[in-house]
Amino acid sequence: MNLHIGLKSWLAGSTMLVMTASGAFAEVVYNRGNDGDPSSLDPHKTSTVVEAHILRDLFEGLTSQNAKAEVIPGAAESWSASADGKVLTFKMRAGAAWSDGSPVTAHDFVYSWNRAVDPATASEYAYMLAPVMNAEDITAGKKKVGELGVKAVDDMTFEVTLNASTPYFLEMLTHQVTFPVNKANVEAKGADFTKPGNLVSNGAYTLAEFVPNDHIKLVKNAKFYDAATVQIDTVNFISLEDRATAMKRFEAGEVDTNGDVPTEQLADLKAKFGDKIKLGAYLGTYYYTFKIKKAPWDNVKLRHAISEAIDREYIAEKIWQNSMIPAYSYVPPGIGGYETRTVEYSEKSQIDREDEAKKVLAELGYGPDNPLKMEISYNTSENHKNTAVAIQEQLKPLGIEVTMINRDGKTHFDYLEQHGDFDVARVGWIADYKDPENFLALCKSGTGNNYSEYSNPEFDKLLADAAVEADAAKRMKLLSDAEAIGVARDLCLVPLLFYGYKNVVSDKIKGWEVNVMDVHPTRFLSKE
Amino acid sequence: MLRYVIRRVLTAIPTLWLIVTISFFMMRLAPGGPFNQEKGLQPAIKANLERVYHLDAPLWKQYFFYLDNLLHGDLGPSYVAVDFTVAEKLSLGLRVSIELGLSALVLALIIGGAMGIYAALNQNKLADYLVIATATAGSTIPNFVIGPLFQLVFGLWLVWTTVGGWGDGALVNKIGPVFTLSLPQIAIVARLMRGSMIEALRSHHIRTARAMGLSDWSVIMKHALRGALLPVISYAGPAAAALLTGSVVVETIFSIPGVGREFVLGALNRDYTVVMGTVVLIAIFTIVFNLIVDLLYALVDPRVRYD
C-alpha cells in the first residue's frame, strides 16, 4: 500500500460521511456497544453474553425472550408436555421463514441440535442440551450422532425426549446453543457460512458486515414473521474494550447504549448522566472458594469465621461503588418460586460478626502470636485486587496474615481447573438460565467447576432428587434445602457479592426494560 | 547490488525460522490455553475442542504441523475468533495499521525533518529552543495521555473528529490515532535531524562549498542534507516496521481494529496461531525495513557500496 491509496480512501471516507450527514437515508440506526468481539456467529460455537446479544437478534430458538426477558413463543408457537414431563412436543410457527425465504421447520431443529452435540462441532456449550436423551453420551463420543432424543414428527411438529422432567428446559431454549442453523446454508458454505453475505438466519435481523474488533452490522430481516413490529432498521454492535473510551463515545453520541461502565468512576458518572446509568441485580455471584481438601481450610468453623469477618457492605459500596450487591447466599434473589438460604450471620451487625469471628479464631489457637497465613489468588483486574486488599485489611485484626497472588485470567482458571495448591481463590459465576440448579451444580461432587472440591453425599442427593422431581414447587424446595446444607451450613464456597448489570442507555432508546437476565432484544427497542 | 539483496533475503530465512521456533515454544510455556475460561469446560467438551484443533498431539508434532502449514502459507485458524483464519484477521488488521502507521511516518519525517533543519540553521536562537522544547515534550508525554486528551478536546468539546472507532475508515476516525502516533515520532526525528544537520554544517565539504560561493539553499539541500539524513534513515527503518505493525496503546484508546491489538488480545487469550502469525509478520517487516534502510544508505551516501 502506498500513501496515494491511503489518501484516496481517506477522501472517499469523508465523502461518505458528508452524504450520511446530509440525510440521504432515513433509516433508524442503533449503535449498540458490546464488550468485545464474538468468538463466532455460529450459535453452536459460542458461550458468552457478548455473542448472546448479537445471536439473539440474528436467530430465534423454539422459545424466545421479550423485553423483560420472560419466555415467549419463538420459532415454536406452542408446546405441550407428556404426563411424566419427559416428552415435549413443539408446534412450529406457521409462516416462520429463514432470511432466504425457506420455511423454518422441525427438521431444522433436528439437524441443529444434532450438530450442537456432535463432538466434531466441539461446541463449548453443548451441555445446555444435556437434559435431552443421549446428548451427553454423544458429546463424549460414547453414542453415535443421530441418537439424540429429538425427532420431526412432521414438518411442523418437533418432539424432544428428555432424560427427566426438566422444568427449566423452556428457559434453556433461549440460550443460543439451542438456536437453529440452516442446513442447506451450512452444507453449501462450510466454515464460511457465518460470513456476511453467506449467513442465513431466522431472527429479526440478518448479518450485513463484520469488521473484527470494530463493528458488526445487522439489518432488518424482511422475512421475519414479526418484521412489521420491528422498528430499528440497522443495529451496529460496536466492540468496546476500553471502558473509558466507551464512556466518551457514549457522551459524544457515537454509541446509544453500552453494557459496561467504569465502576471506579460510577459516583461521578451517576451525577453526570442520572438515570441513563442503569444499575440492578443480575443473576451472577462473585465468590471466594477455599481449597476444602487442604488443612486448615477443611475446618468449616474456620471458613465461617473468615466469611463472617469479611465486610461485604464495605466492599460493595467502596470498591464496587454499589454496582455489586452484598451476598449472603449463593443463589441470587429474583428466581420465581425459589427461597434463597443465607448464612446464619446475615442479619447480624458487622461488629457482632467480627467479635464472633475473633472468638472462633482464638478458640482454634490463632492470634497475633500464632497468625494464620492465607493466600488469596485472583485473576488480574483492578477491582479484584482492591477487593482482595480490603479483605486483607479486614482479616488483619483476627490475626490472619493475608498475602495475594494475581495471575492473568487464562493462567488463574487453568490453575483452578488443574486443582492447583491454592488457599482461597476468586471466582465468578453468571447464570446461563434462570434456575437455582445452574448455581448449585457447582458444589456437586466431581463437577469440573467445583474448585473447592467439596463433596457431600447429602447435598448431591438433594440435587439428584430435584433433577427427577416433576412438581415445580417441590423441586424448588429440594434445591433450597441443598443450598441450606452445601452453602449456608458447609460453605462449599464463600458468596461475597451479587453481580449487578451496569448499562448506560441514551434517552433516545425507548423500550429498554431492566431485568435480572440483562437481556434486551433489539426487536423490542425503538429509537427517536 | 542484486547479489547483496539476494544474500540478505537468504540469510533472513534462518533468522525467521529461529524466531518462529523460539516464539512457538515460549508461547506454549505460558500456563493455560485458549479454552481456559471463568466458566470451566467439561473434560469431554475440552477434549473435543483440542482434537478439532490438533492441540491433543504432542508438542513436537504440533510444531512440525505448524511449520509445515507455514511453509504452505497457511497461518492456521484462530482458536478464539473461530469465524476467521489468522490470515484473514491479520490482513484486515494490517490494512488499518499500515494506513495509520504510514500516515504517521510520513508526517513525522516531513514535519520532524523540517523542524530539525530549521532548528539547526538557527542554533541557540529562540526558534531552536522552541523546537527542542517541543521535541522534548513530544517524546516525554506518553501516548496514553495524548490520546485521551485529544478525544476530549477534539471529539467531545469541539466535535471535529470522532472519539473512537474505525467505522468505514473515514477521515474523522483517523485524525486522532494518526496524530497520537506521529507526535513522539515527530519529536524524535526533529532531534535527530537537528543534531546531524548541525554536525554536517560544520564539516569540511560544507565550508568548501560555502567558500566557493554556492547559495545557502544549494549548500543546505544539496550538500549538507544528504549526509545529515543518514541517522534519520537508520532510525526510520525500525520505526516504520514498528509503526506499520500497529500500536497496542493507540489502537486500544481509539478502538481501532489494527494488528497491535490483535497481538496483545491474542497473547492474553492464548490464541496461539494469532500470536505466531503476528510474530512472523512483525519479523518480516523488521527484516524488510532494515534491508530498505541499507539500500537507501547506498543511495544517499556515495561512500557506501554493496558490491
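Residues numbered from 1 in each chain as written. Chains lettered and ligands numbered in written order. Predicted model: local features only at pLDDT ≥ 70, side-chain atom pairs only at ≥ 80, totals over all residues.

Let's talk about the overall build of chain B
Of the regular secondary structure elements, chain B holds twelve helices and zero strands. Starting at the N terminus and ending at the C terminus, chain B contains elements arranged as α-α-α-α-α-α-α-α-α-α-α-α. The principal-axis extents of the C-alpha atoms in chain B amount to approximately 85 × 55 × 30 Å. In chain B, which comprises 307 residues, the share counted as buried stands at 42%. Taking the contacts inside chain B whose residues are at least 6 apart along the sequence as the reference set, 72% of them involve residues at least 24 apart. (Helix = DSSP H or I, 4+ residues; strand = E, 2+ residues; numbered from the N terminus. Buried ≥ 20, exposed ≤ 12 C-beta atoms within 10 Å, placed from the backbone. Contact = placed C-beta atoms within 7 Å.)

Focus on the overall build of chain A
When helices and strands are counted, chain A shows 16 helices and 19 strands. Its C-alpha atoms give chain A a radius of gyration of 25 Å, near enough to 24 Å, the size a compact globule of 528 residues would have. Projected onto its principal axes, the C-alpha coordinates of chain A cover approximately 75 × 60 × 40 Å. Across the 528 residues that make up chain A, the buried fraction comes to 49%. Considering only intrachain contacts with a sequence separation of at least 6, the fraction spanning at least 24 residues in chain A is 67%. (Rg over C-alpha atoms; globule rule 2.2 N^0.38 Å.)

Considering unusual backbone geometry
All names here are of chain A. With omega at 0°, the peptide bond leading from alanine 295 into proline 296 counts as cis. By secondary structure assignment, the location of proline 296 is in the loop between β12 (277–290) and α9 (300–309). At asparagine 213, a residue that is not glycine, the phi angle is positive and equals roughly 60°. Among the structural elements, asparagine 213 can be located in the loop between β8 (205–211) and β9 (215–220).

Thoughts on helix α5 (residues 126–140) of chain B
Residues and elements named next belong to chain B. Across its 15 residues, α5 extends 21 Å between first and last C-alpha, which sits within 8% of the 21 Å expected from 1.5 Å per residue. For α5, the set of buried residues is Val131, Ala135 and Gly138. In a view along the axis of α5, the buried residues occupy a sector of 65°, so they form one face of it. The outward face of α5, more than 90 degrees from its buried face, is lined by the exposed residues Leu126, Tyr129, Ala133, Ala137 and Thr140. On its buried face, α5 sits against α4 (86–121) and α7 (171–202). (Expected span 1.5 Å × (residues − 1). Arc of directions from axis to C-beta.)

Considering the pairing of strand β10 (residues 234–239) of chain A
Residues and elements named next belong to chain A. Counting buried positions along β10 gives five out of six residues, so the element sits mostly inside the fold. Judged from the six bridges that link them, strand β1 (residues 29–34) and β10 form a sheet pairing that is parallel. Bridged to asparagine 34 within β10 is serine 239. By the bridge criterion, five bridges tie β9 to β10 in an arrangement that is antiparallel. Paired with leucine 218 across the two strands is valine 235, which belongs to β10. (Pairing = 2+ DSSP bridges.)

Some points on the sheet that holds strand β6 (residues 150–154) of chain A
Residue and element names in this part refer to chain A. Read across the open sheet, the four strands follow the order β4-β5-β7-β6; overall the sheet is antiparallel. Each edge of the open sheet carries a strand with a single partner, namely β4 (76–81) and β6. Neighbouring strand axes in the sheet, compared pairwise and without regard to direction, differ in orientation by 25° on average. Sheet analysis places β6 next to strand β7 (residues 157–161), joined by four bridges and oriented antiparallel. Across the sheet, residue aspartate 154 finds its bridge partner in β7, namely threonine 157. (Axes fitted to C-alpha atoms, helices over the stretch in contact; angles between N-to-C directions.)

Examining the packing of helix α8 (residues 204–211) of chain B against helix α9 (residues 216–244) of chain B
Residue and element names in this part refer to chain B. Put simply, α8 and α9 touch, their axes get as near as 10 Å, and they point 150° apart. For the element pair α8 / α9, the angle class is roughly antiparallel. For the pair α8 and α9, the sense of crossing is right-handed. When α8 is examined against α9, the residues His205, Ile206, Ala209 and Arg210 are found in contact with a partner set consisting of Val219, His223 and Ala224. Split by residue class, the contact of α8 with α9 holds four nonpolar, two polar and one charged. (Parallel < 35°, antiparallel > 145°, perpendicular 65-115°, else oblique. Left-handed = near helix turned anticlockwise from the far one by under 90°. Nonpolar A, V, L, I, M, F, W, Y, C, P; charged D, E, K, R; others polar.)

Regarding the pairing of β9 of chain A
Residue and element names in this part refer to chain A. Examined bridge by bridge, β8 and β9 share six bridges and lie antiparallel to one another. Of the residues in β9, the one forming a bridge with leucine 207 is leucine 218. Two successive antiparallel strands, β8 and β9, enclose a turn made up of three residues, where asparagine 213 displays a positive phi of approximately 60°.

Observations regarding the interface of chain A and chain B
The interface of chain A with chain B comprises 48 residues on the first partner and 50 residues on the second. Counting residues per element, the ones that place at least two in the side of chain A that touches chain B are α1 (3–21), α7 (243–251) and α13 (409–417) of chain A. Considering only residue class, the side of chain A that touches chain B consists of 19 nonpolar, 14 polar and 15 charged.

Some words on the nonpolar core
Counting 133 residues, the largest nonpolar core has Leu129 of chain A together with Ala190 of chain B as its most contacted members. Of all the elements, α4 of chain B adds the most residues to this core, at 14 residues. Apart from residues lying up to four places away in sequence, alanine 190 of chain B is in contact with Gly112, Met115, Gly116, Ala119, Val131 and Ala135 of chain B. Of all hydrophobic cores here, the second largest spans 73 residues; its members include Ile315, Ile400, Leu463 and Tyr501 of chain A. (Core = buried A, V, L, I, M, F, W, Y, C linked by C-beta atoms within 7 Å.)

Considering α7 of chain B
Each turn of an α-helix holds 3.6 residues, which means side chains three or four residues apart point in the same direction. If you check α7 of chain B, its first and last C-alpha atoms are 43 Å apart, about what 32 residues at 1.5 Å a residue would give, namely 46 Å. Counting buried positions over the 32 residues of α7 of chain B gives 23, a clear majority of the element.

Section: the confidence of the model for chain A
When pLDDT drops low, the exact placement of atoms in the prediction is not to be read closely. All names here are of chain A. For chain A, per-residue confidence averages 91 on the pLDDT scale, and 95% of positions sit at 70 or higher. For chain A, α1 is the element with the lowest average pLDDT, namely 41, and strand β5 (residues 87–92) is the one with the highest, namely 98. Note on residues 1–24: pLDDT is under 50 here. Beyond four places in sequence and across chains, it has 22 contacts. (pLDDT = per-residue confidence, 0-100.)

Some points on the environment of leucine 199 of chain A
Residue and element names in this part refer to chain A. If you trace the backbone, leucine 199 turns up in the loop between α6 (183–189) and β8. Along the backbone, leucine 199 and aspartate 100 are 99 residues apart, and their C-alpha atoms lie at a distance of 9.4 Å. The contact partners of leucine 199, leaving out residues within four places of it in the chain, are Leu41, Phe193, Thr194 and Leu207.

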